[in-house]
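# Working through the structure, step by step
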Amino acid sequence: MFAYTVRRVFVGIIMLIAMSMVTFVLFFASPIDPAQFACGKNCSLEQRAQVRKGLGYDKPVWEQWKNFAVGVAKGRDYPEDKSLRKSAPNLVAHCAAPCLGYSNVNIATVTSEFKTRIPVSFSLAIMAFILWIVGGVGLGVIAALTKGSIIDRGLVGISLIFFAFPTFFVGLFLLKFLAIKWGFFPVPNYISIADGGVWNWMVNLVLPGLTLALFYMAGYVRMSRAFVLESMSEDYLRTARAKGLPGRKILFKHTMRAALTPLVTMAGLDLAGLLGGAIITERVFNYNGLGKLAVDSITVYDLPTIVGLVLLLGSFVIVANIVVDILYAFIDPRVRVG
Amino acid sequence: MASYRKKMLAVAAAASMSVALAACGGGSDNGSKSPGGSSDSAKGGTLYYYIFAALEHTDPQRTYVGRDITNWSRTVYRSLVTFPISDDAKVSTTPVPDLATDTGQSSNGAKTWKFTVKDGVKWEDGKPITCEDFKYGASRVFATDIITGGPNYIITYLDIPEDPKTHLPIYTGPYQSSPEGKAAFDKAITCDGNTITYNFKKPWADFPLAVASLHMMDPYRADKDQGDKSNYQIFSNGPYKLEGTWDKQKGGTLVRNPNYDPSTDSTDIRKALPDKITFDIGKTAEQITDQMIADSGQDKFAVTERRVPAAYYSQITGDIAKRAVTVTSPYTDYVVPNFKRMTNLQVRQALAASTDDTGWVTAGGGEKAYEESHDIVNPAVKGYQSDLFPAGAGDPEKSKQLLQQAGVQMPYPITFTYPSTATADKQAAALKAGWEKGGFKVTLNGVANQDAYYTDIQKPDQKADVIWAGWGADWPSAITVTAPLFDSRPNLTKNSNGQDYGAYDSDEFNALVDQAQNATDLDQQTQFLQQADQVLAKDVAYIPVDNAIFYFLHGSGVKNYMNTAASNGFPDLGPVGVK
């Protein structure tokens, strides 16, 4: 098992290295010159060359990637220009290992930028997760227990409607009516628990969380309903009922346990995906999370941030896959030898 | 106008083709109506300023966006000279003394400029602002590898020899420079007590206009400079100072600066009425407009730089309309014929004759979004001529006659390249219809990858016959419009057309630009530039299609609301107050 885990981690690292290389190559294959992008108006070719040097984009791609890799392992100092570091040491920004680079757009190391963004995306993901699990599973179970009734049809129908609406529409709708027009909620503005306490953190997360949750919830209502109905038709439940077990015990101890197992796997993967940032929701509600950072950095050709994000988000997926693979290996020993 | 990045942002973000975010320079308040503004000089309260996108810089030498230049001018960064508050565009584009005792003394054929720094002006920590601070500020512009993105005209004017290898000045900024470079800089800018002298290698007749319009010549304290790390630092010498730090994603709050002495300033420049000004970053135009319409809570005391989106026009009625302002922005859109492909003058004249400016403006959203344009020089910029191009719906018959006289195949096939958006596609279709009525056969080439648009149209081998572009003056003089756009010498190289997208190359025009650049006074310079613009019109080097209109809402509790030429058409924080 240990060898298997090491092998999977090793493959994951190789994948991350390959992803960083591909990102570098794609970035420099783009027709956009990041130096021209950063240079001021009336920027002559000579000035642009100097800006390119200042940004470190004058070196061959492979060398830039090598420097990046060294930074990840050992850390780096910015700016790149060694003589400048000597003549003006107060200009130097140190980026400790694992250094994912220094963004000249954000004027900060990529890792420090991530430190401010991750709590936002995580908060949003967790709020959405709680809402959709409680709402989705709860309503799904109710629909299953009232199968064929108006309640069942109503819940399934409404969930379909929310599933069909795009996230940006639901977000803007909630923002415009629940916050701006009717004032039921404050116009969302992310406040950390440290800054505003749990209540303020939570209240400001309700609308963006709900926007995401409504989309996921729709799927979970239908899935929960289906799994519960499937479980309820199993022989062992008929036996339980024949034994005279109370309905509540049958539902919570036997039906739900069996029905929700596949949902837990699904929920875990969905949550992992959301941790990497919800681009549209963060944009609509102006939440400065990883999703918004991704859009912003692509818009302004901020290579260090783009590479860092690719690696971070890639890591989430790879780690999730490794965990799943390891779990499978526990469940099915044949995987270990495969 | 604007740095390359501003152009990119503008093109990428636009729901239209106007260079809405682009940088700096002269503005206009032609047609500005600000019914919300009443005369109320009460101090106090908090003003909120809603901004959509994060500011790229707050460093004075790197600031190059019109909105930011004016906001900082009125609050934290004072310059040697600046523009006063006025509804009259002529007044508000005429420099007045700010940190200097006068608007500058020129000599040596406008190659030497002297200013004397006022006594008693201080930084936010109470230390006096010195001549050396101004000199240090100017020196930072030369560090083009660190202090990026800002206006750098000083590099081409200051009398410093060039390095023959790099073709850049031998002085490379305060962080690292050769002793020869430093000596040359020390000779080019000298301090004698409170008097600073700038020595240029060529005349700079409108230098005070440049100083008032941009922050590149602002003072900077050497002990506060950390290069790139100072990008979001605001070290004030104005009536406000930054409370805490600037959060790139959220903004920041300005509070009163206790070391600001109003007696060294003028209420014609800064009334400094609110106790606090909070810059709130990140809301979309739709969200801001919704909040402005609702006009509740802090939104009553808010202004914004976001234009009202077209979808909201029908909601701006009654009392809400009293809080709405339309103002001619400093940004002009134009099309250029590609001189490598459209070589026949009569064909270009036919193109100009059949250009349906009215259709273009209507398709773009009408009078709240654009106005028809007669000159690539904006109406508020010195050198504007209202009779260069007739605008209107075009004259197809005249166009056909010209094409027949040219003896070319009809319909004459052309390709029009522009950055594609939903609105831009409609506007391009309106132009196409006009041109086709005039005897052209038009293929539209909407460029979907808008980030690459300007890179595309700079290619010398491009296949477009007609190309769209946008521009605005860096300071209210035509020298910052026609010269950078049509002087072939700095623009046309083997690998790029630079900003001369149509590859226009005229000795007559270039000679007039030289005369304008060597002029020793502003009126003389303007005269040459107007002649140069007439040459461009005669050659049909461009066809102006619109001046973008700013359509803003503000809260009901905002007093003395104005959009002036001095504020580049954005809300002017100089006079504004809150209830």
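As the structure is a computational prediction, the values presented were derived from the model and not from experiment.

## Some words on the overall build of chain A
- Within chain A, the secondary structure is distributed over 15 helices and four strands.
- Computed over its C-alpha atoms, the radius of gyration of chain A comes to 25 Å, more than 25% above the 20 Å expected for a compact globule of 338 residues.
- Taken along its principal axes, the extent of the C-alpha atoms in chain A is 85 × 60 × 40 Å.
- Taking as baseline every contact in chain A between residues at least 6 positions apart, the subset at least 24 positions apart corresponds to 67%.

## A word on the overall build of chain B
- A count of helical and extended segments in chain B gives 18 helices and 19 strands.
- In terms of C-alpha radius of gyration, chain B reaches 24 Å, essentially the compact-globule figure of 25 Å for 579 residues.
- With the C-alpha coordinates aligned to their principal axes, the bounding extent of chain B is approximately 75 × 60 × 40 Å.
- Counting the 579 residues in chain B, one finds 61% classified as buried.
- Within chain B, residue pairs in contact and separated by at least 24 positions form 74% of the contacts whose partners lie at least 6 positions apart.

## Here's the deal with the sheet that holds strand β6 (residues 189-192) of chain B
Residue and element names in this part refer to chain B.
- Read across the open sheet, the four strands follow the order β4-β5-β7-β6; overall the sheet is antiparallel. One side of each edge strand has no neighbouring strand; the edge strands of this open sheet are β4 (105-107) and β6. Along the sheet, successive strands turn relative to each other by an average axial angle of 20 degrees, direction set aside.
- The strands touched by helix α4 (residues 131-140) within the sheet are β6 and β7 (195-199), with β6 carrying the most contacts at an inclination of about 170 degrees.

## Describing the pairing of β6 of chain B
All names here are of chain B.
- Strand direction decides the pairing type here: β6 and β7, joined by four bridges, are antiparallel. Within β7, the residue paired with Ile189 across the bridge is Tyr198.
- Linking two consecutive strands that pair antiparallel, namely β6 and β7, is a turn of two residues; a positive phi of about 65 degrees is found at Gly193 within it.

## Examining helix α2 (residues 66-75) of chain B
- Taken across its ten residues, α2 of chain B has ten buried, putting it largely inside the fold.
- Structurally, α2 of chain B contributes buried residues whose contacts are with β2 (81-82), β8 (240-247), β9 (251-256), β10 (276-281) and β12 (324-337) of chain B.

## As for the sheet that holds strand β1 (residues 46-51) of chain B
Residue and element names in this part refer to chain B.
- Strand order in this open sheet of five strands is β8-β9-β10-β1-β11, and the pairing throughout is mixed. Only two strands of the sheet have a single partner each, and these edge strands are β8 and β11 (302-304). Within this sheet the neighbouring strands show an average axis-to-axis angle of 20 degrees, counted without direction.
- When β1 meets β11, the two strands line up parallel, connected through three bridges. In the sheet register, Tyr48 faces β11, and the bridge partner there is Ala302.

## Notes on unusual backbone geometry
- Omega for the peptide link from Ala97 of chain A to Pro98 of chain A comes to 0 degrees, which places this bond in the cis form.
- Locating Pro98 of chain A in the fold gives a position in the loop between β2 (93-95) and β3 (102-103).
- Cis peptide bonds are those with omega within 30 degrees of zero, and the linkage from Met410 of chain B to Pro411 of chain B qualifies with -5 degrees.
- Among the structural elements, Pro411 of chain B can be located in the loop between α12 (396-406) and β14 (412-419).
- The phi dihedral of Ala503 of chain B falls on the positive side, at around 55 degrees, and the residue is not glycine.
- Relative to the elements of secondary structure, Ala503 of chain B occurs in the loop between α16 (488-491) and α17 (507-517).

## Focus: the interface of chain A and chain B
- Chain A puts 34 residues into the contact, and the matching count from chain B is 40 residues.
- Broken down by secondary-structure element, the contributors of at least two residues to the side of chain A that touches chain B are α2 (34-38), α3 (45-55), α5 (82-87) and α8 (167-181) of chain A.
- The element best represented in the side of chain A that touches chain B is α3 of chain A, accounting for seven residues.
- The class makeup of the residues in the side of chain A that touches chain B is 15 nonpolar, 14 polar and five charged.

## Overview of α4 of chain B
- Burial runs high along α4 of chain B: eight of the ten residues are buried.
- Those residues of α4 of chain B hidden inside the fold are in contact with α5 (153-157), α6 (179-188), β6 and β7 of chain B.

## Description of the environment of Lys241 of chain B
Residue and element names in this part refer to chain B.
- Tracing the chain through its elements places Lys241 in strand β8.
- Between the C-alpha atom of Lys241 and that of Glu124, which follows or precedes it by 117 residues, the distance is 7.0 Å.
- When near neighbours in sequence (up to four residues on either side) are disregarded, Lys241 contacts Val76, Glu124, Ser236, Leu254, Val255 and Asn257.

## So, the nonpolar core
- Residues Val335, Ile467 and Ile543 of chain B are the most contacted members of the largest nonpolar core, which totals 162 residues.
- Here this core takes eight residues from strand β17 (residues 543-553) of chain B, the largest share from any one element.
- If near-sequence neighbours (up to four positions away) are discounted, Ile543 of chain B is found in contact with Tyr334, Val335, Leu351, Ala352, Thr355 and Phe389 of chain B.
- In this structure, Val120, Ala125, Met127 and Phe285 of chain A belong to the second largest nonpolar core, which totals 44 residues.

## Describing the pairing of β10 of chain B
Residue and element names in this part refer to chain B.
- Two elements, β1 and β10, share six bridges in a ladder whose sense is parallel. In the sheet register, Leu47 faces β10, and the bridge partner there is Ile277.
- Sheet topology places β9 next to β10; five bridges connect them, and they run antiparallel. Looking at the pairing, Thr253 lines up with Thr278 of β10.

## Structural notes on the environment of Asn286 of chain A
- Position of Asn286 of chain A relative to the elements: it lies in the loop between α12 (279-284) and α13 (290-299).
- Take Asn286 of chain A: there are 22 C-beta atoms within 10 Å of it, and that puts it in the buried class.
- A C-alpha to C-alpha distance of 28 Å links Asn286 of chain A and Cys95 of chain A, two positions 191 residues apart in sequence.
- Contacts of Asn286 of chain A, omitting those with residues within four sequence positions, involve Gly282 and Lys283 of chain B.

## Quick look at the packing of helix α6 (residues 110-145) of chain A against α13 of chain A
Residue and element names in this part refer to chain A.
- Viewed as axis vectors pointing N to C, α6 and α13 meet at an angle of 130 degrees, and their least axial separation amounts to 8 Å. The angle between the axes of α6 and α13 places the two elements in the oblique class. Facing Glu113, Arg117, Ile118 and Ser121 of α6, the residues of α13 in contact are Leu290, Gly291 and Leu293.
- The residue makeup of the contact of α6 with α13, split by class, is three nonpolar, two polar and two charged.

## Digging into the confidence of the model for chain B
Residues and elements named next belong to chain B.
- Averaged over all residues, the pLDDT of chain B equals 90, while 93% of them reach at least 70.
- This stretch, residues 1-39, has a pLDDT under 50; its non-local contacts, to residues over four places away or in other chains, come to 166 contacts.
- Across the predicted assembly, pTM comes out at 0.82 and ipTM at 0.71.

Thresholds, definitions, all that
- Residues numbered from 1 in each chain as written.
- Chains lettered and ligands numbered in written order.
- Predicted model: local features only at pLDDT ≥ 70, side-chain atom pairs only at ≥ 80, totals over all residues.
- Helix = DSSP H or I, 4+ residues; strand = E, 2+ residues; numbered from the N terminus.
- Rg over C-alpha atoms; globule rule 2.2 N^0.38 Å.
- Contact = placed C-beta atoms within 7 Å.
- Buried ≥ 20, exposed ≤ 12 C-beta atoms within 10 Å, placed from the backbone.
- Pairing = 2+ DSSP bridges.
- Axes fitted to C-alpha atoms, helices over the stretch in contact; angles between N-to-C directions.
- Nonpolar A, V, L, I, M, F, W, Y, C, P; charged D, E, K, R; others polar.
- Core = buried A, V, L, I, M, F, W, Y, C linked by C-beta atoms within 7 Å.
- Parallel < 35°, antiparallel > 145°, perpendicular 65-115°, else oblique.
- pLDDT = per-residue confidence, 0-100.

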